[in-house]
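Working through the structure, step by step
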Amino acid sequence: MTQARPLTADAMTLMTYRALPVPAVIALRFAAVVTTWAARRRTRIALAALEPWELEDAGLTPEQASAEASRVFWQA
């Protein structure tokens with residue numbers, strides 16, 4: 001499974017840099033949100049594809065995995 005990676009220090013610096021135009025800051029924040037959503041979607045799709053023995057190795061029951069996999073991408 002993939003996990004959303006936190007923003008790098010460079011990305012955070014760019015997002016808080018005062019000299020950037022407002023549309024650029026908005027675009028950077030939008031890109032960060034979309035990247036997080038995409039990672040959640042990929043992770044939940046991968047979780048749904050796991051076999052029962054793989055879920056057991058991860059410490060999850062099939063019910064827990066199903067509940068997590070059925071969540072929509074914008075839900076944390």
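Computed from a predicted structure; not experimentally measured.

Here we come to the overall build of the protein chain. Tallying secondary structure elements over the protein chain gives four helices and zero strands in all. In sequence order, the secondary structure elements of the protein chain are arranged as α-α-α-α. Burial analysis of the protein chain (76 residues in total) assigns 12% to the buried set. Looking at the protein chain alone, contacts between residues at least 24 apart form 62% of all its contacts between residues at least 6 apart. Here the protein chain has roughly 6,000 Å² of accessible surface; of this, 63% comes from carbon and sulfur atoms.

In the contact formed by helix α2 (residues 22-48) and helix α4 (residues 62-69), the axes pass within 9 Å of each other and the chain directions differ by 150 degrees. Here the hand of the crossing between α2 and α4 comes out left-handed. Within the contact between the two elements, α2 uses Arg-44, Leu-47 and Ala-48 and α4 uses Ala-65, Glu-68 and Ala-69. When the residues that make up the contact of α2 with α4 are grouped by side-chain class, the tally is four nonpolar, no polar and two charged.

With that settled, the discussion passes to the UniProt feature "domain: YjiS-like" (unreviewed entry) in the protein chain. According to UniProt, the "domain: YjiS-like" (unreviewed entry) feature falls on residues 31-65. The span residues 31-65 carries 83% helix and 0% strand; its end-to-end C-alpha distance comes to 28 Å.

Conventions used here
- Residue indices begin from 1 for each chain and proceed along its sequence in written order.
- Only residues with pLDDT of 70 or above have their local features reported here, since the model is predicted, and side-chain atom pairs are shown and tallied only from 80 upward, although totals for entire chains, interfaces and linings are computed over all residues.
- The side-chain values count all of the structure's non-hydrogen atoms but skip hydrogen atoms and water molecules.
- Helix and strand assignments come from DSSP, with helices taken as H or I runs of at least 4 residues and strands as E runs of at least 2, each series counted from the N terminus.
- When a residue's accessible area, from a 1.4 Å probe over protein chains only, is under 20% of the maximum for its type it is buried; when over 50% it is exposed; and in between it is partly exposed.
- For this analysis, residues touch if any pair of their heavy atoms sits within 4.5 Å.
- Here, Shrake-Rupley sampling with a 1.4 Å probe gives the accessible areas, and only protein chains in the shown set may cover a residue.
- All axes here are fitted lines through C-alpha atoms, helices being fitted over the stretch that makes contact, and every angle between N-to-C directions spans 0 to 180 degrees.
- For any helix crossing, the convention is left-handed if the near helix is rotated counterclockwise from the far helix by under a right angle, and right-handed if that rotation is clockwise.
- Gly falls in the polar group here, along with every residue not listed as nonpolar (Ala, Val, Leu, Ile, Met, Phe, Trp, Tyr, Cys, Pro) or charged (Asp, Glu, Lys, Arg).
- UniProt positions are given in the numbering used here, feature names are shortened, and annotations may be inferred rather than shown by experiment.

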